[in-house]
Amino acid sequence: MVTNGIAHNLFSFKFLSQRAAQAIDVELMSPSGGGFVFEQLVELAGLSVAQAITKEYSKDTHPRIAVFSGPGNNGLDGLVAARHLSHFGYKPKVYYPKRQDKPVNNGLLKQCTELDIPFVDTPESGLQDSDLVVDAIFGFSFSGEVRQPFVSAIEALKATQIPIVSVDIPSAWDVEKGIFRTLKKAERLKETTHELELMPG
Ligand SMILES: NC(=O)C1=CN([C@@H]2O[C@H](COP(=O)(O)OP(=O)(O)OC[C@H]3O[C@@H](n4cnc5c(N)ncnc54)[C@H](O)[C@@H]3O)[C@@H](O)[C@H]2O)[C@@H](O)CC1
């Protein structure tokens, strides 16, 4: 997880390559390896995100949290985090524009709905009156240029002044090289003044 609020600690982090991260997940779920099932890993990931937020951002100063969930498993981490944040006393709302009809997705949607966590239709309404945003749009399987319906969500994240907590990596950054893929060189230089740049290794 990366948060723009703890940039000063960036160089004490170690980063995994895309291939290594995927290989670790395969190993964790192998019967001869970790023996975990997928749902356990998603629950652990989402709980870790929510716990990290409680350490960095108190519910007294950052109670209103927008969660942007993407179409894959990174998005599921976001839904689990929203559920825990609600239990921890925060007020999450979720932007989840592209949903898959799978048992784990449907179960998490039901759990969030039963906690009265609102689902919003646009990134702007997610960010409005929020103190923090959880970026769970893309994780280690992101590649290429950002496609709809996530272009406007990424633009909204680039423009917002509130803290962004990214699950795994900042969405739309090249998984191996960091920095937004969609930016031209001049824009990239500007972005590096207030965003993190991830380097492999
Ligand atoms: N075993 C696992 O796969 C686990 C994954 N976890 C989380 O899930 C993430 C990886 O999950 P996934 O492999 O589902 O991948 P992601 O959640 O990173 O994203 C894949 C989804 O994004 C879409 N996508 C990729 N590039 C795009 C682009 N340029 N524009 C628009 N859409 C694009 C794909 O079509 C796919 O629907 C990890 O980073 C981690 O956060 C954890 O929950 C633990 C378990």
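Above this note sits the structure.
The structure presented is a predicted model; accordingly, all values stated were derived computationally and were not measured.

Novice: Explain the pairing of strand β2 (residues 64-69) to me, and be specific about the residues and the numbers.
Specialist: Counting buried residues along β2, five of its six residues qualify, which places the element largely inside the surrounding structure. Relative to strand β3 (residues 91-95), β2 runs parallel, the two sharing five bridges. Bridged to V67 within β3 is V94. Note: β2 against strand β5 (residues 132-136), five bridges, orientation parallel.

Novice: With reference to specific residues and values, describe helix α3 (residues 73-87).
Specialist: Owing to its 3.6 residues per turn, the α-helix aligns residues three or four sequence positions apart on the same side. An ideal rise of 1.5 Å per residue puts 21 Å on 15 residues; α3 measures up with 22 Å between its terminal C-alpha atoms. Burial runs high along α3: twelve of the 15 residues are buried. Considered for burial, the residues of α3 that qualify are N74, G75, L76, D77, G78, L79, V80, A81, A82, R83, H84 and L85. On its buried face, α3 is in contact with α2 (38-56), β2, β3, α4 (103-114), β4 (119-120) and β5. Positive backbone phi, approximately 100°, marks G89, located one or two places after α3.

Novice: With reference to specific residues and values, describe the site of the ligand.
Specialist: Around the ligand sit 21 residues, and of these D77, G139, S141, S143 and D168 come closest. Between an oxygen atom of the ligand and a side-chain N or O atom of N74, the distance comes to 2.8 Å. Between the ligand and D77, the relevant distance is 2.4 Å, taken from an oxygen atom to a side-chain nitrogen or oxygen of the residue. In isolation the ligand has 840 Å² of accessible area, and contact with the protein removes 84% of it.

Novice: Account for the packing of α2 against α3, naming residues and giving values.
Specialist: Between α2 and α3, whose axes approach to 7 Å, the crossing angle comes to 55°. Taken together, α2 and α3 sit at an angle that is classed as oblique. Considering how the two elements wind past one another, α2 and α3 form a crossing that is right-handed. Of α3, the residues touching α2 (which contributes F38, V42, E43, A45, G46, L47, V49, A50 and I53) are N73, L76, D77, V80, A81, R83, H84 and L85. Per-class residue counts for the contact of α2 with α3 are eleven nonpolar, three polar and three charged.

Each value, and the rule that gives it
- Residues numbered from 1 in each chain as written.
- Predicted model: local features only at pLDDT ≥ 70, side-chain atom pairs only at ≥ 80, totals over all residues.
- Heavy atoms only, no water.
- Buried < 20%, exposed > 50% of the residue type's maximum accessible area, 1.4 Å probe, protein only.
- Helix = DSSP H or I, 4+ residues; strand = E, 2+ residues; numbered from the N terminus.
- Pairing = 2+ DSSP bridges.
- Expected span 1.5 Å × (residues − 1).
- Contact = heavy atoms within 4.5 Å.
- Near = heavy atom within 4 Å.
- Polar contact = N/O pair within 3.5 Å; in protein donor to acceptor, adjacent residues only side chain to side chain.
- Areas by Shrake-Rupley, 256 points an atom, 1.4 Å probe, with all protein chains shown as cover.
- Axes fitted to C-alpha atoms, helices over the stretch in contact; angles between N-to-C directions.
- Parallel < 35°, antiparallel > 145°, perpendicular 65-115°, else oblique.
- Left-handed = near helix turned anticlockwise from the far one by under 90°.
- Nonpolar A, V, L, I, M, F, W, Y, C, P; charged D, E, K, R; others polar.

Geometry only, nothing functional implied.
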